[in-house]
Amino acid sequence: MGGRETKVTSTAFISHRDCHLHDMGSYHPESPARLSAISDHMIAQGLDHYFAFYDAPLASFEQLLRVHSAFHLERLKRNSPALGIVHLDPDTAMNPHTWNAALRSAGAGVLGVDLVMSREVQNAFCAVRPPGHHAERANAMGFCFFNNIAVAAAHALKAHGLSRVAVIDFDVHHGNGTEDCFKNNEQVLMISMFQHPFYPYSGTDHPASNMLNVPLPSGTNSDEFRQMVNEVWLPRLREFKPEFIFISAGFDAHHEDDLGGMKLHERDFSWVSEQLKQVADETAQGRIVSMLEGGYVLSALARCVAAHIKVLAGL
Ligand SMILES: [Zn+2]
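Each value, and the rule that gives it
- Residues numbered from 1 in each chain as written.
- Predicted model: local features only at pLDDT ≥ 70, side-chain atom pairs only at ≥ 80, totals over all residues.
- Heavy atoms only, no water.
- Pairing = 2+ DSSP bridges.
- Helix = DSSP H or I, 4+ residues; strand = E, 2+ residues; numbered from the N terminus.
- Axes fitted to C-alpha atoms, helices over the stretch in contact; angles between N-to-C directions.
- Contact = heavy atoms within 4.5 Å.
- pLDDT = per-residue confidence, 0-100.

## A few points about the sheet that holds strand 1 (residues 11-15)
Ordered by their spatial adjacency, eight strands build an open sheet running 2-1-5-10-9-6-7-8, and the pairing between neighbours is parallel. Sheet topology places strand 2 (51-55) and strand 8 (211-216) at the edges, where each strand pairs with a single neighbour. On average, each strand axis in the sheet is tilted by 15° relative to the strand beside it, whichever way the strands run. Pairing of strand 7 (residues 188-195) with strand 8 involves six bridges; the strand directions are parallel. When the bridges of strand 8 are listed, M193 appears paired with V214. Along the sheet, helix 9 (residues 266-283) contacts strand 5 (123-126), strand 6 (165-169), strand 9 (244-249) and strand 10 (288-292); its crossing angle with strand 9, the most-contacted strand, is approximately 165°.

Set out below in structure tokens:
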């Protein structure tokens, strides 16, 4: 009508102060300081002017139950301490704020999907913790409680009626939880790379045809990563024609991150983000929700997130 085209260009930045209150102990690399480092760097770079900021809502049980068992939710709620810290495994612990932080983290992705689908924004980045991609249907592990990216992808399928969504995971660790939630679900293509052999020692047994896992050796560098993305990831992603692209954005494959042994740089995260944005523009009306996963050296994490969200925002 009238030929006026409205082009949505804004990028949502979704977080919540509750995500800073989840704390597994001063020794733990998955620390509240990660989110502070990201926001401090954004402000120092003047990036905060270019994003639409939103508070993450609490995910509902209905949204969580699309990918998690009722038993998992009940067990987490039951373990949630009134005081102190309760360990679920040697790496994964709850303090009195963890339950709410985990609900906010999952809720951030749901809000991101709603904002993108309503065209209020073009795409969204969720700066949340706890991360999610190790959380299985019925199990918390590896710093993760709810599988945030899986909850978001399931929301796009169930609440918005999409029929094909892709989850791309470039964290240095295999997203075993996302695989557990979506294996054999033909509405979801999961594409990942991860250091192998490495925690959680999964992902090499090709459990289902909708999983494209690329194990890479410690020491993998920029050229090797980009070649793999060009030759393996992108052809399969384009063939699938996703209607929405979800990114498990872990930055622990950065060369400064000593939790992993890979050798990527900020520019590689920019580059892969550009490639994914290009596919989203071709097949998914530009729809992307990206969620923070790993990344543990604070300065590298902050620089990588800035590089990633600048691409999302077209800066
Ligand atoms: Zn990781």
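Next comes the rest of the account.
## Notes on the confidence of the model for the protein chain
The pLDDT averaged across the protein chain works out to 96; a share of 97% of its residues lies at or above 70. Low pLDDT (under 50) marks residues 1-6, which in the prediction has one contact with non-local residues, meaning those over four places away or in another chain.

## Points about unusual backbone geometry
Note the cis peptide between R129 and P130, where omega equals 5°. The topology assignment puts P130 in the loop between strand 5 and helix 6 (148-158). Between H196 and the following residue, P197, the backbone shows a cis peptide bond with an omega angle of 0°. Along the polypeptide, P197 turns up in the loop between strand 7 and strand 8. Even without being a glycine, R119 presents a positive backbone phi close to 65°. Note on placement: R119 falls in the loop between helix 5 (98-117) and strand 5. Residue N184 is not a glycine yet carries a positive backbone phi of 70°.

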